[in-house]
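Descriptive analysis of the structure
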Amino acid sequence: MKIQHILRPLLCVFLCLLIGGGSGFLTMDSINTWYTTLNKPFFTPPNWIFGPVWTILYTIMGISAGLVWNNSCNKKTKNKALGVFTAHMLLNGLWSILFFGFMNPELAFIEILLFLGSILYYSKLFHAIYPLTAWMQVPYITWVTFATLLNGSIAWLN
């Protein structure tokens, strides 16, 4: 096995964690202040659950992107899939900024719909390259679908 086949997934995991952690770091003050004042639905999970869940999801996402990067498929197909994945990561980071940084659940709800759509789209592209990498997104799709419901409910209640 070539060293790049190990380094690419590790780099992708690092970048996913960096984007997720960076957007969380930029908005952490609002979590303990503004967010506590919001009306939330009964199914809102405790705050402590978000960090471990996102860490696991970012790790899975990074590994899957690295596996796609390692694939020997058509370069144009691979570049498109990884480009969509990269755009999706920007949407991922933007959500926290809109919701917590700008304290705007309504705008964040609109954005999370685009964000969820981008996950479905890159998963489809990943599936065409390496089906396992698309199946690896099922927990992520499930979590972001739940987050979309939670975000919409908070926007509605406030």
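These lines cover the structure that appears in this document, whether it is placed above or below. (Residues numbered from 1 in each chain as written. Predicted model: local features only at pLDDT ≥ 70, side-chain atom pairs only at ≥ 80, totals over all residues. Heavy atoms only, no water.)

1. Comments concerning the packing of helix α2 (residues 50-70) against helix α4 (residues 105-129)
Between α2 and α4, the least distance of the axes is 10 Å, while the angle of their chain directions is 40°. Viewed along their axes, α2 and α4 adopt a mutual orientation that is oblique. In this structure, the crossing between α2 and α4 has a hand that is left-handed. Together, Trp54, Met61, Ser64, Ala65 and Val68 of α2 and Phe115, Tyr122, Phe126 and Ile129 of α4 make up the contact between the two elements. Classifying every residue of the contact of α2 with α4 gives eight nonpolar, one polar and no charged. (Axes fitted to C-alpha atoms, helices over the stretch in contact; angles between N-to-C directions. Helix = DSSP H or I, 4+ residues; strand = E, 2+ residues; numbered from the N terminus. Parallel < 35°, antiparallel > 145°, perpendicular 65-115°, else oblique. Left-handed = near helix turned anticlockwise from the far one by under 90°. Contact = heavy atoms within 4.5 Å. Nonpolar A, V, L, I, M, F, W, Y, C, P; charged D, E, K, R; others polar.)

2. Description of the packing of aromatic side chains
A complete count under the given rule lists 17 aromatic pairs for this structure. Note on Trp34 and Phe100: the rings are 6.4 Å apart at their centroids and 90° apart in plane angle, and the pair reads as edge-to-face. Here Trp34 is found in the loop between α1 (4-32) and α2, whereas its partner Phe100 is found in helix α3 (residues 75-101), with 66 residues between them in sequence. Here the two residues Trp34 and Phe100 agree in accessibility, since each one is buried. Between the aromatic rings of Phe50 and Trp143, the centroid separation amounts to 5.8 Å while the plane-to-plane angle is 70°, which identifies the pairing as edge-to-face. Of the two residues, Phe50 sits in helix α2 while Trp143 sits in helix α6 (residues 138-157), which places them 93 residues apart along the sequence. For Phe50, a relative accessible area of 22% translates into the label partly exposed. Members of the aromatic cluster, joined through ring pairs, are Trp34, Tyr35, Trp95, Phe99 and Phe100. (Phe/Tyr/Trp six-rings, centres within 6.5 Å; stacked < 30°, edge-to-face > 60°. Buried < 20%, exposed > 50% of the residue type's maximum accessible area, 1.4 Å probe, protein only.)

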